[in-house]
Amino acid sequence: MHNVLFVASEGVPFIKTGGLADVVGALPKYIDKRYYDVRVVLPKYTCMKKEEADKLKYLSNFYVNINNHDEYVGIFEAVEEGVHYYFIDNEHYFSGYGPYGNDVVFEIEKFAFFCKAALSILPVIDFRPEIIHCHDWQTGLIPVYLKERFQGGEFYRGIKSIMTIHNLKFQGVWDLKTVQRITGLPDYYFTPDKLEHYKDGNLLKGGLVFADAITTVSKSYAEEIKTEFYGENLYGILRARSNDLRGIVNGLDYDIFNPETDKYITDNYNAINFRKEKIKNKRALQKQLNLPVDDKVMMIGIVSRLTDQKGFDLISYLLDEICQDHLQIVVLGTGEDRYENMFRHFAWKYPDKISANIYYSEELSHRIYASSDAFLVPSLFEPCGLSQLMALRYGTLPIVRETGGLKDTVEPYNRFENTGTGFSFANYNAHEMMACIRYAEQIYYDKKREWNKMIDRAMAADFSWKESAKHYQDMYDWLIG
Ligand code: ADP
Ligand code: GLC
């Protein structure tokens, strides 16, 4: 039996702001329990839903030093579907309306504390991992602290670490002196080949330099981040470490995302009866959102963080024009003010065409995946993307830009060969996106049989964790040796 520890800043069902939580919540369940004991460490945020917080049991407490003072570390535990979760309790850092705040220095201190605490609890919970699997910049200091201090002790000696990049854009960067003071790391660590980055301190870079292996969440993104355009100023180190970098595409939790059993949707369906049953969800959603109830109109869904990454400037450029077509667009998302307001404005201007739902709702998200005919994700960059996988699973055809995981998971329609599970365009250009949407409309309205055959293929595609979990296991075995 091999021990593996996940450390992350969010995980379903406890706390979620995006796809990272979906991955951290699902992957440990799908790693083969006969050979691996995978446990997870998360922060104990006070904003956690009460029903989840009630599952947590207190274990112990102690103090760690961070930013030149001692901080309380409480340890809580919960077991969810056979996986042990440990929670770091400290209300100075983990209270607030959501997991993350806008004060970068505070965020850096919060997650530096989290990294140190996550390493420090291991002897207390009596779990010695052979591998610590870290996710995104919030855990970037773990490989660093492991090398710098913990591995000096018997308990930690030989523990390997993996850094998984879910989004290279976020790195945890602030001026070097402040980062050095907060982390308490010696000068040795603040040179350009380690945590120093263009004169600043960079936590993710620390993880990328000191981890024993690096992964990211699709093959295409693993290649893209070695280029200047997608590399977010870290392509140098990623190129240097390209032998240790692999892309493993994300899967979906098929227990949660299953149109046949999903409790959130009004009418369950499957790959066999979707031709009759899926449409009932569309009718119900049109009613719920006060859109005209019309079986025939093509409904495009969007469930997303409303940020530049997701391609909303392309949409803003052409939304007026898109609204001239015979379409309904249902949006669920929160994010940058200008995009929230854009959708509110267009929903006011075209109440029969656009439904803008500017909030977070698990239930509505599932209803949109089930009800829409197509699902739009025109991202500027996309490490993997889970929403297009959810759409495929619900027989809703993705319209995507060919980047990162979108490129790897959506096969473009080819009408000569009768292949494909969605529609895609190559360049980050609003008119290319528009042409792609219009092409999808044409197939939807004029070639319904072809459209339905695409749904057959989309729903037959396998994006469960089965295959990808094996790739992670192979990597664990390779590291353990
Ligand atoms: P990212 O992690 O970059 O935001 P992903 O596609 O990997 O993108 O994952 C996004 C996840 O967050 C999906 O599970 C999606 O359904 C969910 N999501 C995004 N916005 C909302 C929202 N407003 N309400 C409910 N779920 C949302
Ligand atoms: C990030 C990426 C997204 C990916 C998710 C889970 O949030 O933006 O593309 O699917 O992490 O890996």
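It should be noted that the structure appears before, not after, this text.
None of the values given here were measured: they were computed from a predicted structure. (Residues numbered from 1 in each chain as written. Chains lettered and ligands numbered in written order. Predicted model: local features only at pLDDT ≥ 70, side-chain atom pairs only at ≥ 80, totals over all residues. Heavy atoms only, no water.)

*Asks:* Could you clarify how one ought to interpret the site of ligand 2 in this entry?
*Replies:* Close to ligand 2 lie 14 residues; His166, Asn250, Glu382, Cys384 and Gly385 are nearest. Between Asn250 and ligand 2, the recorded distance is 2.8 Å, taken from a side-chain N or O atom to an oxygen atom. Between an oxygen atom of ligand 2 and a side-chain N or O atom of Glu382, the distance comes to 2.5 Å. Computed on the free molecule, ligand 2 has an accessible area of 310 Å², of which 93% lies beneath the protein chains in the complex. By residue number, the principal contributor to the shell around ligand 2 is helix 1 (residues 19–30), which donates three residues. Looking at the shell around ligand 2, its residues break down into six nonpolar, six polar and two charged. Per-domain counts for the shell around ligand 2 show at least three residues from each of domain 1 (2–251 + 466–480) and domain 2 (274–463). (Near = heavy atom within 4 Å. Polar contact = N/O pair within 3.5 Å; in protein donor to acceptor, adjacent residues only side chain to side chain. Areas by Shrake-Rupley, 256 points an atom, 1.4 Å probe, with all protein chains shown as cover. Helix = DSSP H or I, 4+ residues; strand = E, 2+ residues; numbered from the N terminus. Nonpolar A, V, L, I, M, F, W, Y, C, P; charged D, E, K, R; others polar. Domains from an automatic or database assignment.)

*Asks:* It is not clear to me how the packing of aromatic side chains should be interpreted in this structure. Could you clarify?
*Replies:* Enumeration according to the criterion identifies 32 aromatic pairs in this entry. Ring geometry for Phe423 and Trp451: centres 5.8 Å apart, planes at 25 degrees, overall stacked. A residue pair is termed long-range when its members are at least 10 positions apart, and Phe423 in strand 18 (residues 423–425) and Trp451 in helix 18 (residues 448–460) qualify at 28 residues. Since its relative accessible area comes to 2%, Phe423 is described here as buried. Counting every residue linked through ring pairs, the aromatic cluster contains Tyr45, Tyr93, Phe94, Tyr100, Phe106, Phe111, Phe113, Phe114 and Trp137. We note Lys44 situated over the ring of Phe76; from NZ or CZ to the ring centre the distance is 4.8 Å. Lying over the aromatic face of Tyr254, Arg393 brings its terminal NZ or CZ to 3.6 Å of the ring centre. (Phe/Tyr/Trp six-rings, centres within 6.5 Å; stacked < 30°, edge-to-face > 60°. Buried < 20%, exposed > 50% of the residue type's maximum accessible area, 1.4 Å probe, protein only. Lys NZ or Arg CZ within 6 Å of the ring centre and 35° of its normal.)

*Asks:* How should the environment of Cys436 be read in this particular structure?
*Replies:* Its place among the elements puts Cys436 in helix 17 (residues 430–446). Measuring from C-alpha to C-alpha, the distance between Cys436 and Phe425 comes to 6.4 Å, with 11 residues separating the pair along the chain. Residues in contact with Cys436, not counting those within four places in the same chain, are Ile399, Phe423, Ser424 and Phe425. (Contact = heavy atoms within 4.5 Å.)

*Asks:* Got a minute to help me understand the environment of Phe423 in this structure?
*Replies:* Residues Phe423 and Ser371, spaced 52 residues apart in sequence, show a C-alpha to C-alpha distance of 18 Å. Leave out the neighbours within four places in its chain, and Phe423 touches Leu397, Pro398, Ile399, Val400, Val410, Tyr413, Cys436, Tyr439, Ala440, Ile443, Trp451 and Met454.

*Asks:* Honestly, the side chain of Asp253 in this entry has me stumped. Any pointers?
*Replies:* Checked against the element boundaries, Asp253 lands in the loop between strand 12 (245–247) and helix 11 (274–288). Only 2.7 Å separates the side chain of Asp253 from the side chain of Lys29, close enough to count as a polar contact. Beyond its immediate chain neighbours, meaning those up to four positions away, Asp253 contacts Ala26, Lys29, Tyr30 and Trp465.

*Asks:* Just to check I follow, could you spell out the side chain of His166 for this structure?
*Replies:* Relative to the elements of secondary structure, His166 occurs in the loop between strand 7 (160–165) and strand 8 (173–175). Beyond its immediate stretch of four places on either side in the chain, His166 contacts Leu20, Val23, His135, Asp136, Val217 and Pro383.

*Asks:* Please explain helix 11 as it appears in this structure.
*Replies:* Because an α-helix completes one turn every 3.6 residues, residues spaced three or four positions apart along the sequence face the same direction. When the terminal C-alpha atoms of helix 11 are compared, their 21 Å separation across 15 residues agrees well with the 21 Å that a helix rising 1.5 Å per residue should span. Of all the residues in helix 11, the buried ones are Phe274, Glu277, Lys278, Asn281, Lys282, Leu285 and Gln286. Check the buried side of helix 11 and you find it contacts strand 13 (298–306), strand 14 (327–335), helix 14 (362–371), helix 17 and helix 18. After helix 11 finishes, the residue Asn290 shows a positive phi value of roughly 60 degrees. (Expected span 1.5 Å × (residues − 1).)

*Asks:* What is the right way to look at empty space enclosed by the protein in this model?
*Replies:* Space left empty within the atom packing is revealed by a probe, the size of a water molecule, rolled over the atoms. By the definition in use, this model includes one cavity of 30 Å³ or more. In this structure, the largest cavity encloses a volume near 40 Å³. Lining the largest cavity we find Thr266, Asn281, Ala284, Leu285, Gln288, Arg367 and Ser371. Broken down by secondary-structure element, the contributors of at least two residues to the lining of the largest cavity are helix 11 and helix 14. Considering every element that reaches the lining of the largest cavity, the biggest residue donor is helix 11, with four residues. Classifying every residue of the lining of the largest cavity by side-chain character gives two nonpolar, four polar and one charged. (1 Å grid on protein atoms, 1.4 Å probe; cavity = no way out; pocket = protein on both sides within 12 Å on 5 of 7 lines; lining within 4 Å. Points joined across faces, edges and corners; volume = space filled by probe spheres on them.)

*Asks:* Hey, could you run me through the environment of His366 in this one?
*Replies:* You can see His366 is positioned in helix 14. Given a relative accessible area of 1%, His366 falls into the buried group. Residues His366 and Arg241, spaced 125 residues apart in sequence, show a C-alpha to C-alpha distance of 39 Å. Those residues in contact with His366 that lie beyond four places of it in its chain are Ile256, Phe257, Asp262, Tyr264, Ile265 and Tyr394.

*Asks:* It is not clear to me how the nonpolar core should be interpreted in this structure. Could you clarify?
*Replies:* Nonpolar side chains tend to gather and get buried jointly when the protein is soluble and globular. Counting 102 residues, the largest nonpolar core has Leu319, Phe343, Phe423, Trp451 and Tyr476 as its most contacted members. Sorting elements by how many residues they give to this core places helix 17 first, with eight residues. Not counting residues within four places of it along the chain, the set of residues in contact with Tyr476 comprises Val4, Phe6, Ile31, Tyr36, Ile131, His133 and Ile162. Judged by nonpolar contacts, the second largest core, of 62 residues, contains Ala112, Leu176, Ile182 and Phe210. (Core = buried A, V, L, I, M, F, W, Y, C linked by side-chain atoms within 4.5 Å.)

By themselves, these are just geometric observations and shouldn't be taken as functional.
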